[in-house]
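Structure at a glance
Read off the chains here:
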Amino acid sequence: MPPPHPSSSFSFWPHTSFFILLVLFPHFASSKFVIEPCTSSDSCSSLLSYLLPSDLKLSEIASRFQIKVPEILGANSYDPSTPQTQIVPINSLLKIPISCPCVNGIRQSVSTTYTVQPIDSLDSIAAGFGRLVSADQIRNLNGIGSGQPLAIGTQLKIPLPCTCFNNIDNGVPSVYLSYVARSGDSLSSIADTYGSTVADLISVNQLGTQDIQPGDILAVPIPACSSINMNLYSDHLLVPKDSYSMTAFNCIKCNCNSSDLNMQCSSFPLYTSCRKLQCKGSNLFIGDVYENQSSKGCNITSCLYRGYLGHTILSSSRSYIRPKCLGNQSQNIDSMAPSPAANEPKLPFSVPSSSIPVSAPGSHMAPQIAAPPLVSSSETSSEPLSLTIVLTLAMILYSNFAGIFFIDA
């Protein structure tokens, strides 16, 4: 582990399987940062809280953090059709998704770079990144001497805070947000905003008291939906609650339902041309759920996303019975997600009550409805197969019987 800064006060304590170092950086004498030591070369999904220092276009924000606009839209539950030129007003608080690798023995992101402009100073650059980084941190990482002027056109590395903690918090899949405390913030208000508790924030950040100061950077766990139980092939998703992620060549949109942390994936070919996103032998598209009331109960058929193989999207159909159909009581998950942009399109439900498509087949934008405990069930699916050519061909042949359908993207 790298030695702490000479002027730092520090102590060690456990959180899950890690130790954390609390560092007081000289630039912000009272600002606290959580640092997670690491030894592996893996990366995890992480988030930054970014308070906009000025009005910025979505494309400008994406360029600053060197990510894609759809990633920002998904992390903040913006309408996926929001244009890249959309201006986000000053003082808006956005979640910025980043990858959190292990660098020099600690978790931090150093992949973001910044090109010095004529009017820049280290402090103005730090302010442009929402004080997620200090001027001294930029100076130290780039070897800039005290009082040394910045050369126009110089490309600087920007260290950004992040934590992983195995993407688990109290046994719940979670993504950790690096949150910069502002004037008026309290642990209670932060916990309420992100669905945590004061006790959890104290534990994660190993705070001696509930007192926090503007500029402190806290690790905030946000519960997330994991695809680990979905048996997806070649796709591993961890989506924070009240957000979504585009996957499978931007043909599939996966939402995280905050009420039960159940991931809902549906066909949503917004960014690319996606063909035949249907389950084999059915008019249901991925994410569609069809209900049919009978004397034995409600017969339900759904078309599920199963991952992808090369450029082929996989799906399977699933059938089960429950006592009663939900009918018009069902809701589109997209309509329940908070969005500062225009509402996403809502689906009509003008069908006879005896045969109700919970999400209209062929709509390309209706997510799968979570099923309650089953009375009886049968599912046509398959365990993930090998990437070898022989087993791939076997999978294709097997799909004729097991119900897995290959969709070319």
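Above: the structure in question.
Given the structure is predicted, the values throughout are model-derived calculations rather than measurements.

Moving on: the overall build of the protein chain. From N to C terminus, the protein chain includes 8 helices and 23 strands. Buried positions account for 48% of the 409 residues belonging to the protein chain. Summarising the internal contacts of the protein chain: among those between residues at least 6 apart in sequence, 64% fall at separations of at least 24. Accessible surface, the protein chain: about 18900 Å² in total, of which carbon and sulfur atoms supply 54%.

The subject of this paragraph is unusual backbone geometry. One non-glycine residue, Asn104, lies in positive phi territory at about 55 degrees. Examined against the element boundaries, Asn104 turns out to sit in the loop between strand E8 (102-103) and strand E9 (106-115). What makes Asn104 exposed here is its relative accessible area of 66%. The phi torsion at Asn231 lies on the positive side, around 55 degrees, for a residue other than glycine. Here Asn231 shows up in the loop between strand E13 (217-226) and strand E14 (238-240). Taking the relative accessible area as the measure of exposure, Asn231 reaches 38% and is therefore partly exposed.

Time to look at the state of the cysteines. Under the definition given, this model contains 8 disulfides. Here Cys225 is linked by a disulfide to Cys256, with a sulfur-sulfur distance of 2.1 Å. With the S-S bond torsion at 80 degrees, the cross-link from Cys225 to Cys256 turns out right-handed. Of the two residues, Cys225 is situated in strand E13 and Cys256 in strand E16 (residues 252-257); the sequence distance between them amounts to 31 residues. The pair formed by Cys225 and Cys256 is uniform in burial state, with each residue classed as buried. In this model, Cys298 is linked to Cys325 through a disulfide, with the two sulfur atoms separated by 2.0 Å. Given an S-S torsion of about 100 degrees, the disulfide between Cys298 and Cys325 has right-handed geometry. Separated by 27 residues along the polypeptide, Cys298 in strand E19 (residues 297-309) and Cys325 in the loop between strand E20 (312-322) and helix H7 (333-336) bring together distant segments of the chain. An identical accessibility class is assigned to Cys298 and Cys325; each is buried.

A few words now on the pattern of salt bridges. Enumeration over the complete set of coordinates arrives at 5 salt bridges. For the salt bridge of Asp42 with Arg107, the shortest nitrogen-to-oxygen distance reads 3.1 Å. Remark: Arg107 occurs in strand E9 and Asp42 occurs in the loop between strand E3 (32-35) and strand E4 (44-51); sequence separation between them is 65 residues. The buried category is assigned to Arg107, whose relative accessible area is 7%. Among the salt bridges present, the one from Arg131 reaches Asp123, with a minimum N-O distance of 2.9 Å. Since its relative accessible area comes to 35%, Asp123 is described here as partly exposed.

Attention shifts here to the environment of Ala135. In this fold, Ala135 is placed in helix H4 (residues 135-142). In this structure Ala135 comes out as buried when scored by relative accessible area, which is 5%. In this structure, the C-alpha to C-alpha distance between Ala135 and Asp123, residues 12 residues apart in sequence, is 5.1 Å.

This part covers the packing of aromatic side chains. A complete count under the given rule lists 6 aromatic pairs for this structure. Each ring, one from Phe65 and one from Phe129, has its centre 5.5 Å from the other, and the planes form 85 degrees; the classification is edge-to-face. Taken as a pair, Phe65 in helix H1 (residues 58-65) and Phe129 in the loop between helix H3 (122-128) and H4 lie far apart in primary sequence, 64 residues in all. Take Phe65 and Phe129: they sit in the same class, and that class is buried. An angle of 70 degrees between the planes, with centres 5.1 Å apart, marks the rings of Phe165 and Tyr176 as edge-to-face.

This part covers the sheet that holds strand E17 (residues 262-267). The 3 strands are arranged E15-E16-E17 in an open sheet whose pairing can be described as antiparallel. Where the open sheet ends on each side, the last strands, each with one partner, are strand E15 (244-247) and E17. Each strand of the sheet is rotated relative to its neighbour by a mean of 25 degrees, with strand direction disregarded. Where E16 lies against E17, 6 bridges are found, and the strand directions are antiparallel. Considered in E17, the bridge of Cys256 is made with Met263.

Criteria and cut-off values
- Residues numbered from 1 in each chain as written.
- Predicted model: local features only at pLDDT ≥ 70, side-chain atom pairs only at ≥ 80, totals over all residues.
- Heavy atoms only, no water.
- Helix = DSSP H or I, 4+ residues; strand = E, 2+ residues; numbered from the N terminus.
- Buried < 20%, exposed > 50% of the residue type's maximum accessible area, 1.4 Å probe, protein only.
- Contact = heavy atoms within 4.5 Å.
- Areas by Shrake-Rupley, 256 points an atom, 1.4 Å probe, with all protein chains shown as cover.
- Disulfide = S-S within 2.5 Å.
- Salt bridge = Lys/Arg side-chain N within 4 Å of Asp/Glu carboxyl O.
- Phe/Tyr/Trp six-rings, centres within 6.5 Å; stacked < 30°, edge-to-face > 60°.
- Pairing = 2+ DSSP bridges.
- Axes fitted to C-alpha atoms, helices over the stretch in contact; angles between N-to-C directions.

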